[in-house]
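Each chain, written out:
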Amino acid sequence: MEPGMEELMPRLLPVGDCDLAEDFDPTVPPRTPQEYLKRVQIEAARCPDVVVAQIDPRKLKKKPTLNISISGCQPAPEGYSPTLKWQQQQVANFSAVRQSLNKHRNHWRSQHLDSNVTMPKSEDEEGWKKFCLGERVYSEIDALSDNENLGIDYIKVGFPPLLSIVSRMNQATVTSVLEYLISWFGEKRFTPELGRWLYALLACLEKPLLPEAHSLIRQLARRCSEVRALEESKNEEQISALNLIICLVSRYFDQRDLADEPS
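The chain is annotated in an unreviewed UniProt entry as Gem-associated protein 2 of Bombycilla garrulus. Listed under Sequence similarities (unreviewed entry) in UniProt, the entry text for the chain is "Belongs to the gemin-2 family."

Just to check I follow, could you spell out helix α3 (residues 84-109) for this structure?
Residues lying three or four places apart along an α-helix face the same way, a consequence of the helix completing one turn every 3.6 residues. For α3, with 26 residues, the first-to-last C-alpha span of 36 Å sits near the 38 Å given by 1.5 Å per residue. Helix geometry: α3 is bent most strongly at K103, by close to 50 degrees. Listed in full, the buried residues belonging to α3 are Q87, Q90, V91, F94, S95, R98, L101 and R105. Close packing links the buried residues of α3 with α6 (163-166), α8 (192-204) and α10 (236-252).

Even after reading the chapter, I still don't get α10, so can you show me in this structure?
Between its terminal C-alpha atoms α10 stretches 23 Å, which fits the 24 Å expected from 17 residues at 1.5 Å a residue. With 13 of 17 residues buried, α10 lies mostly within the body of the structure. At the N-terminal boundary of α10, the capping side chain belongs to N235, with an oxygen 3.0 Å from the backbone nitrogen of E237. Two residues or fewer after α10 comes D254, characterised by a positive phi angle close to 60 degrees.

Is there a simple way to explain the packing of aromatic side chains in this structure?
The geometry of two aromatic rings is summed up by the distance between their centres and the angle between their planes. This structure, assessed with the given rule, holds nine aromatic pairs. Through a chain of ring-to-ring contacts, three or more aromatic side chains come together here, namely W128, F131, Y154, F159 and W197. Over the aromatic face of F185 sits the side chain of R223, whose NZ or CZ is 5.2 Å from the ring centroid.

How should I be thinking about the packing of helix α9 (residues 211-229) against α10 in this particular structure?
Between α9 and α10, the shortest axis-to-axis distance is 9 Å and the interhelical angle comes to 150 degrees. Classified by the interaxial angle, the pair formed by α9 and α10 is roughly antiparallel. The two elements α9 and α10 cross, and the hand of that crossing is left-handed. Packed against α9, whose contacting residues are I217, R218, L220, A221, C224, S225, V227 and R228, the element α10 presents Q238, I239, L242, N243, I245, I246 and V249 at the interface. Along the lines of polarity and charge, the residues of the contact of α9 with α10 split into 10 nonpolar, three polar and two charged.

Parameters at a glance
Position numbers for residues count from 1 along each chain, tracking the sequence in the order it is written. At least 70 in pLDDT is required for a residue's local features to be given in this predicted model, at least 80 for side-chain atom pairs to be given and counted, and no such filter applies to totals for whole chains, interfaces and linings, which use all residues. Note that the side-chain values use all heavy atoms of the structure and ignore hydrogens as well as water. UniProt positions are given in the numbering used here, feature names are shortened, and annotations may be inferred rather than shown by experiment. To qualify as a helix, a DSSP run of H or I must reach at least 4 residues; to qualify as a strand, a run of E must reach at least 2; elements of each kind are numbered from the N terminus. To estimate the expected span of a helix, count its residues, drop one, and scale the result by 1.5 Å. For a residue, the bend is simply the angle between two axes, fitted respectively to the seven-residue segment ending there and the seven-residue segment starting there. Residue exposure (1.4 Å probe, protein chains only): buried if accessible area is under 20% of the type maximum, exposed if over 50%, otherwise partly exposed. Two residues form a contact once any of their heavy atoms are found within 4.5 Å. Here a polar contact means two N or O atoms within 3.5 Å. Within protein one must be a hydrogen donor candidate and the other an acceptor candidate, and residues neighboring in sequence count only if both atoms are side-chain atoms. Two aromatic rings, drawn from Phe, Tyr or Trp (for Trp, its six-membered ring), form a pair once their centres lie within 6.5 Å of each other, and the interplanar angle then sorts them: stacked below 30 degrees, edge-to-face above 60, tilted otherwise. Two thresholds decide whether a charge sits over a ring: the Lys NZ or Arg CZ must be within 6 Å of the ring centre and within 35 degrees of the ring normal. For helices, the axis comes from a line fit to the C-alpha atoms of the stretch in contact; other axes are also lines fit to C-alpha atoms, and the angle between any two N-to-C directions lies between 0 and 180 degrees. When describing relative orientation, an angle under 35 degrees is termed roughly parallel and one over 145 degrees roughly antiparallel, while 65 to 115 degrees is termed roughly perpendicular and anything else oblique. Handedness of a helix crossing follows the sense of rotation of the near helix relative to the far helix, less than a right angle counterclockwise being left-handed and clockwise being right-handed. Charged residues are taken to be Asp, Glu, Lys and Arg, nonpolar residues to be Ala, Val, Leu, Ile, Met, Phe, Trp, Tyr, Cys and Pro, and polar residues to be all remaining types, Gly included.

The structure is reproduced here in structure tokens:
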């Protein structure tokens, strides 16, 4: 330590001068309380004024999931706002699905998956997007090629959320896949494949919700309302699907500030 440095540093510990042995060595473990406090003072004096953290940019690749916005959903297009009776019926149906899933989860988990079903690892974001949506939707390929086999190719059209699949997903995986699909939906169009998986993942979410899941479903409802408001063709089937997701988030998961006002 430079001469006079200790006097220039503010004393954070009210320790006065104390008698220390002549052979006091601050690099060895302290033997007395006085030696300990003296060593703390010396180490504090050596601390730099500014510390720069070394951040691995690879860890910043993943988009943040927490969304603290408290804004509500955009209203449905005129004439497409769901009735209260319809919303109540959807909540009742959804509750029955969840109860059945929980009751028979162990049975479906024990069922063998087809040989062509390979579930991605929980952290494999791109793998899950392709698994759920299929290469067509993921790559935004709209039309079948003329010489293509019309048989079902789940690699291309996506695997449906079969009970034998979703029953194998723990809560961490359910939340991760929900995050992946909501992230994808934030920049892409709504599709039936996406709708089926969102419904299934919501059915698998356990209550009470963890903070991350709470934020995700609110983000999902708001995104559904944005897409619904911009729906130019007024596709009734698609608007109904978007209404359903908003209904479940707001009324089943108790996010009432996001609920559609009954028509």
